[in-house]
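Letter by letter, the chains look like this.
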Amino acid sequence: MKDSRTRWTGATPSMAATPHSAAGGQPKMLIMDFCGAYLRPLGGWCPIVKIVQLMSELGVDDTATRSALARMRERGLLEADKRHGLRGLRLTDTALPLLAESDQRIFGHHLPARLGDGWVLVSFSVPEHERAKRHLLRSKLSWLGFGNLNNGLWMAPRRTAPDLDKAVKELGFEQYVMTFEGTYTGFDDLAELARRTWGLDELAALYEEFLRWAEPVAERWAGEHPHGRQAFTDYTLSLYHWRKFPYLDPGLPDELLPQGWPGGPAAERFTALRMRLETPALEYVRTVCSI
């Protein structure tokens with residue numbers, strides 16, 4: 001695995017009631033969501049003009065869409081493929097496993113960690129002249145759900161250890177990293193330590209924001225069969241707004257979460273929206289992209 005490997009990770013866009021305001025600063029993330037949710041299930045190929053059309057329905061203009069697609073081609077995620085006289089793009093062999101990995105993280109059913117299982121701690125030291133590797137390692141630890149206790153010391157539920165071991169070896173960073181497993185014995189209150197380390201107050205606010213955004217979407221389809229452009233828009237934006245949470249929330253033990261934690265209700269809301277909107281959204285894209 002090269003240091004520059006692309007990962008399908010979540011940004012932290014603010015919630016928006018309309019496609020245009022949602023897409024304002026994140027056309028790249030919306031196009032990545034499109035690739036994962038629609039392009040791959042439809043065979044991995046679509047005419048460029050159809051991608052531009054669908055992105056416009058999400059509030060992304062022609063220039064921004066084509067620019068984001070060009071960057072994805074440069075990164076080896078998409079490649080040109082002309083079919084039936086139409087210029088199109090298809091997912092590369094590099095993109096497919098990344099999308100599968102992202103799906104597992106975003107759609108997987110992750111139960112809270114058990115407090116009695118303990119923790120895995122990571123300490124690392126990267127030479128100053130290789131600080132780019134230091135940044136990459138920090139990013140990977142955050143992506144895996146580790147919280148930063150202090151400079152160079154990170155912590156996560158013990159069940160994360162196998163993913164950590166795999167990631168360090170893939171990066172070739174064994175010479176920089178030390179890992180430990182154990183239990184917390186003091187002296188700070190563990191729940192308070194978790195609140196600070198993972199920014200649980202800020203994460204709770206994001207969950208609550210998602211719930212407020214999703215409420216009118218759920219109400220729109222109450223008692224009505226989802227269909228057409230609106231189903232496509234609602235599902236894609238639901239995915240866009242949700243995708244950051246599996247990367248921000250490490251699945252801490254219930255005992256360490258603040259009272260009234262909104263993570264569970266938010267996950268239930270997203271799952272319900274997905275169950276209701278995913279199939280009609282895919283059918284709409286299939287119709288638009290048919291040739």
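Since the structure is predicted, the reported quantities are computational estimates derived from the model, not experimental observations.

Conventions used here
- Residues numbered from 1 in each chain as written.
- Predicted model: local features only at pLDDT ≥ 70, side-chain atom pairs only at ≥ 80, totals over all residues.
- Heavy atoms only, no water.
- Helix = DSSP H or I, 4+ residues; strand = E, 2+ residues; numbered from the N terminus.
- Rg over C-alpha atoms; globule rule 2.2 N^0.38 Å.
- Buried < 20%, exposed > 50% of the residue type's maximum accessible area, 1.4 Å probe, protein only.
- Contact = heavy atoms within 4.5 Å.
- Areas by Shrake-Rupley, 256 points an atom, 1.4 Å probe, with all protein chains shown as cover.
- Lys, Arg positive; Asp, Glu negative; His and termini not counted.
- Charge placed at Lys NZ, Arg CZ, Asp CG, Glu CD.
- Core = buried A, V, L, I, M, F, W, Y, C linked by side-chain atoms within 4.5 Å.
- Pairing = 2+ DSSP bridges.
- Axes fitted to C-alpha atoms, helices over the stretch in contact; angles between N-to-C directions.

Visitor: How should the overall build of the protein be read in this particular structure?
Guide: Assigned secondary structure in the protein consists of 12 helices and seven strands. Since a compact globule built from 291 residues should have a radius of gyration of about 19 Å, the 20 Å found for the protein is in line with a globular shape. Projecting the C-alpha coordinates of the protein onto the three principal axes gives extents of approximately 65 × 45 × 25 Å. Per-residue burial for the protein yields a buried fraction of 47% across its 291 residues. Within the protein, residue pairs in contact and separated by at least 24 positions form 78% of the contacts whose partners lie at least 6 positions apart. A total accessible area of about 14,500 Å² is found for the protein, and carbon and sulfur atoms account for 51% of it. With 36 positive and 36 negative side-chain charges, the protein shows a separation of 7 Å between the mean positions of the two kinds.

Visitor: Can you walk me through the nonpolar core in this structure?
Guide: Side chains that are nonpolar tend, in soluble globular proteins, to be buried together. Of all hydrophobic cores here, the largest spans 87 residues; its most connected members are Y38 and F146. Tallying contributions element by element places helix α12 (residues 263-289) first for this core, with 10 residues. Leave out the neighbours within four places in its chain, and Y38 touches D33, F232, Y235, T236, A281, L282 and V285.

Visitor: What is the right way to read the sheet that holds strand β3 (residues 88-91) from this model?
Guide: By definition, the strands of a sheet pair up through backbone hydrogen bonds, in either a parallel or an antiparallel sense. The sheet built from three strands is open, its strands ordered β1-β3-β2 with antiparallel pairing. Two strands in the sheet have a free side with no partner beyond their single neighbour: β1 (45-47) and β2 (78-80). Ignoring strand direction, the axes of neighbouring strands in this sheet form an average angle of 25°. Where β2 meets β3, three bridges bridge the pair, whose relative direction is antiparallel. Bridge pairing in β3 links L78 to L91.

Visitor: Whenever I open this one, the side chain of E57 confuses me. Can you help?
Guide: Within the secondary structure, E57 sits in helix α3 (residues 48-57). For E57, a relative accessible area of 12% gives the class buried.

Visitor: Help me understand the pairing of strand β6 (residues 153-157) in this model?
Guide: In regular strands, side chains alternate between the two faces of the sheet. Counting buried positions along β6 gives four out of five residues, so the element sits mostly inside the fold. With five bridges connecting them, strand β4 (residues 119-124) and β6 associate as antiparallel partners. Bridge assignment links W119 to a residue of β6, and that residue is P157. Looking at chain direction, strand β5 (residues 147-150) and β6 are connected through three bridges and run antiparallel.

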